[in-house]
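Given next are the chains, with one letter for each unit.
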Amino acid sequence: MLSVRPPAGPKPASPAFVPPPVLDAVRAVAVRCGVSLHEDAYGTQSRVPAAPTVVADSLAEGAVAWLAGHSVLRVSGEDASRFLQSQTTNDVLQQPPEQVRWHGYCSPKGRLLATMLAWHDGDAIRLMLPDSLAETIRKRLAMFVLRSRVRLANESGDVVVLGLVGARARDALAALALPVAQPMAVALADEAVVIGLAPVPAGALAGAGAVPRWLLVVPVASVERIWQALCATLVPIGSDRWRWTDVRSGVATIVPATSEQFVPQMLNLEADAIGAVSFTKGCYPGQEVVARSHYLGKLKRRTFLGRLPGADAEPAPGSDVTSASNEPAGKIVAAARAPTGGVDVLYEAQVAAVGAGTLSIDGLAMQPIELPYPLPSA
């Protein structure tokens, strides 16, 4: 087993916001595609000149988003799999090459520094995570490489991530001669990596069943042509609209404001539908804390879904959720404007407080929404 002890020296600083590297090529091609980029608490976001009144229908029928806030790290070399096996919460060695899996990356205290989507790509493993954490996590992983034959690269300047959602997205992939990956599977092609995600659950969009979603990881050199081809059949939407599909999937993503706030179980990462934690793989940073939380009884904090019907602004990640007695009861994990109005929220809170009555955010009462998966019983 590889050591997870860092070399002697100062204790690593907690992850904080690291501005994305200068991505002149990415920003230039975004401008040519009519996409404007800006920064917020979730990282780099995109805007497109789409009409808000058609967003709800376009999500169900077919839409595409430029996800500038998604970065990709590449872990390669002879020891890449064994190295990551000693670092993340999931089992890299048992991950089939056709699957994508969620992984957590924890501090020695078992608190999540990041959540990542991982897949095999030839002899490398690629990790997708927010651009606001990517370089911090790359540097932290590099501290543990030691004598391992491992290379770590931040591919943020080399690739662009696009999000596809809706019934027509499958045909749009086929028109580009790209494979259609199943949910939580990956398909590799010459011009793109196609990743199937969990669908937007049935009922989240009025009158719609489960709505399929995909991610495309596209080289910068190809993205302009692929974006234009996709926009010919799909409605372009901003990255905040895509984030709503993530919120309704119930899968949490760590950003700088929420880094080191939660153990994996607080974010339901061990739920069968997410499957981001292995309790049989062996050691990794924080493993003892994560295992103890699992084996010593029912967890007192979990992640839930809610809606702020009268809100028009998204609460920031890490901001407080309060109980009926106006006491802090939890924290915002992610929030996004719902296509039919209001704001949907993925939040972590005390299980007892959720059961006791209405929670609120900034004085606005929150309506509960059922998660798209069952919570673990312990």
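What counts and how
- Residues numbered from 1 in each chain as written.
- Predicted model: local features only at pLDDT ≥ 70, side-chain atom pairs only at ≥ 80, totals over all residues.
- Heavy atoms only, no water.
- Buried < 20%, exposed > 50% of the residue type's maximum accessible area, 1.4 Å probe, protein only.
- Helix = DSSP H or I, 4+ residues; strand = E, 2+ residues; numbered from the N terminus.
- Pairing = 2+ DSSP bridges.
- Axes fitted to C-alpha atoms, helices over the stretch in contact; angles between N-to-C directions.
- Contact = heavy atoms within 4.5 Å.
- Arc of directions from axis to C-beta.
- Phe/Tyr/Trp six-rings, centres within 6.5 Å; stacked < 30°, edge-to-face > 60°.
- Lys NZ or Arg CZ within 6 Å of the ring centre and 35° of its normal.
- Salt bridge = Lys/Arg side-chain N within 4 Å of Asp/Glu carboxyl O.
- pLDDT = per-residue confidence, 0-100.

Trainee: Is there a simple way to explain the pairing of strand S2 (residues 43-47) in this structure?
Mentor: Side-chain direction in a regular strand flips from residue to residue, so the side chains alternate between the two faces of the sheet. Of all 5 residues that make up S2, 4 are buried, and the element is covered over most of its length. Of the strand pairs in this sheet, strand S1 (residues 36-40) and S2 are connected by 5 bridges, and their pairing is antiparallel. Residue pairing in the sheet places Leu-37 in a bridge with Ser-46 of S2. Linking S1 to S2, which pair antiparallel, is a turn of 2 residues.

Trainee: Hey, could you run me through the sheet that holds strand S12 (residues 211-219) in this one?
Mentor: Adjacent strands of a sheet form backbone hydrogen bonds with each other and so pair up, either parallel or antiparallel. Spatially, the 6 strands line up as an open sheet ordered S10-S11-S12-S9-S3-S13, and their pairing is mixed. With one partner strand each, in any of the chains shown, strand S10 (186-188) and strand S13 (235-237) form the two edges of the open sheet. Across the sheet, the mean angle from the axis of one strand to that of its neighbour is 25 degrees, orientation sign disregarded. By the bridge criterion, 6 bridges tie strand S11 (residues 193-200) to S12 in an arrangement that is antiparallel. The partner of Val-200 across the bridge, within S12, is Val-211. Helix-sheet contacts for helix H6 (residues 220-231) involve strand S3 (63-66), strand S9 (159-165), S12 and S13, and the interaxial angle to S12 is about 150 degrees. Sitting on the sheet, helix H7 (residues 239-249) touches S3, S9, S11, S12 and S13, and the angle it makes with S12 is about 125 degrees.

Trainee: Whenever I open this one, helix H1 (residues 24-32) confuses me. Can you help?
Mentor: The periodicity of an α-helix, 3.6 residues per turn, causes residues three or four positions apart to be oriented the same way. Burial in H1 covers these residues: Val-26, Val-29 and Ala-30. For H1, the angular spread of buried residues about the axis comes to 105 degrees, placing them on one side. Structural note: H1 exposes Asp-24, Val-31 and Arg-32 on the side pointing more than 90 degrees away from its buried face. The inward-facing, buried residues of H1 contact S1, S3, S9 and H6. Following H1 by one or two positions, Gly-34 adopts a phi angle in the positive range, close to 80 degrees.

Trainee: Whenever I open this one, the pairing of S9 confuses me. Can you help?
Mentor: Burial analysis of S9 places 7 of its 7 residues in the buried class, which makes it a mostly covered element. Two elements, S9 and S12, share 7 bridges in a ladder whose sense is antiparallel. Directly across from Val-160, in S12, lies its bridge partner Val-218.

Trainee: Could you clarify how one ought to interpret unusual backbone geometry in this entry?
Mentor: Negative phi characterises most residues that are not glycine, and trans characterises most peptide bonds. Non-glycine residue Leu-146 carries a positive phi angle of around 50 degrees. Of note, Leu-146 is situated in the loop between helix H4 (131-143) and strand S8 (151-154). Exposure remark for Leu-146: the relative accessible area of 47% places this residue in the partly exposed category. One non-glycine residue, Glu-260, lies in the positive phi region at around 65 degrees. Relative to the helices and strands, Glu-260 resides in the loop between H7 and helix H8 (287-295). What makes Glu-260 partly exposed here is its relative accessible area of 27%.

Trainee: How should the sheet that holds S8 be read in this particular structure?
Mentor: If you trace the 5 strands from one edge of the open sheet to the other, you get S5-S6-S7-S4-S8, paired in antiparallel fashion. Each of the sheet's edge strands pairs with one partner strand only, and the pair in question is strand S5 (100-106) and S8. Strand-to-strand twist in this sheet, taken as the mean axis angle between neighbours without regard to direction, amounts to 30 degrees. Both strand S4 (residues 70-76) and strand S7 (residues 124-130) contribute to a ladder of 6 bridges, which runs antiparallel. When the sheet's bridge partners are listed, Val-72 is paired in S7 with Met-128. Here H4 sits on the sheet in contact with S4, S5, strand S6 (112-121), S7 and S8, set at roughly 135 degrees to S7.

Trainee: Got a minute to help me understand the packing of aromatic side chains in this structure?
Mentor: Aromatic ring pairs: the centre-centre distance and the angle between the two ring planes describe each pair. Counted by the stated rule, this structure contains 3 aromatic pairs. Judged by centre distance (5.4 Å) and plane angle (75 degrees), the ring pair of Trp-66 and Trp-227 falls under edge-to-face. Separated by 161 residues along the polypeptide, Trp-66 in strand S3 and Trp-227 in helix H6 bring together distant segments of the chain. Classification of Trp-66 by relative accessible area gives buried; the value is 0%. Seen from the ring of Tyr-42, Arg-243 lies directly overhead, with NZ or CZ sitting 3.9 Å from the centre.

Trainee: Can you help me understand the environment of Arg-147 in this one?
Mentor: Note that Arg-147 resides in the loop between H4 and S8. The sequence separation of Arg-147 and Asp-79 amounts to 68 residues, and the corresponding C-alpha distance is 9.8 Å.

Trainee: So what exactly am I meant to see when it comes to the pattern of salt bridges here?
Mentor: Side-chain pairing between opposite charges can occur once the charged atoms of the two side chains come close. Throughout the structure, instances matching the rule amount to 19 salt bridges. One salt bridge in this structure joins Arg-138 and Glu-135, with 2.6 Å as the shortest N-O distance. A residue pair is termed a helical-turn pair when its members lie 3 or 4 positions apart in one helix, as Arg-138 and Glu-135 do in helix H4 at 3 residues. Ionic pairing is found between Asp-344 and Arg-307, a salt bridge with its closest N-O pair at 2.6 Å. With Asp-344 in strand S17 (residues 343-350) and Arg-307 in strand S14 (residues 301-308), this residue pair connects regions lying 37 residues apart in the sequence. We classify Asp-344 as buried; its relative accessible area is 0%. In the salt-bridge network here, residues are joined through shared partners; they are Arg-74, Asp-121, Arg-126 and Glu-155.

Trainee: Looking at this model, I keep getting lost on the confidence of the model for the chain. Mind explaining?
Mentor: Detailed reading of the predicted model is not advised wherever pLDDT is low. Looking at the chain as a whole, the pLDDT averages 90, with 92% of positions reaching at least 70. pLDDT under 50 marks residues 1-19. Its contacts with residues more than four places away, or in other chains, come to 34 contacts.

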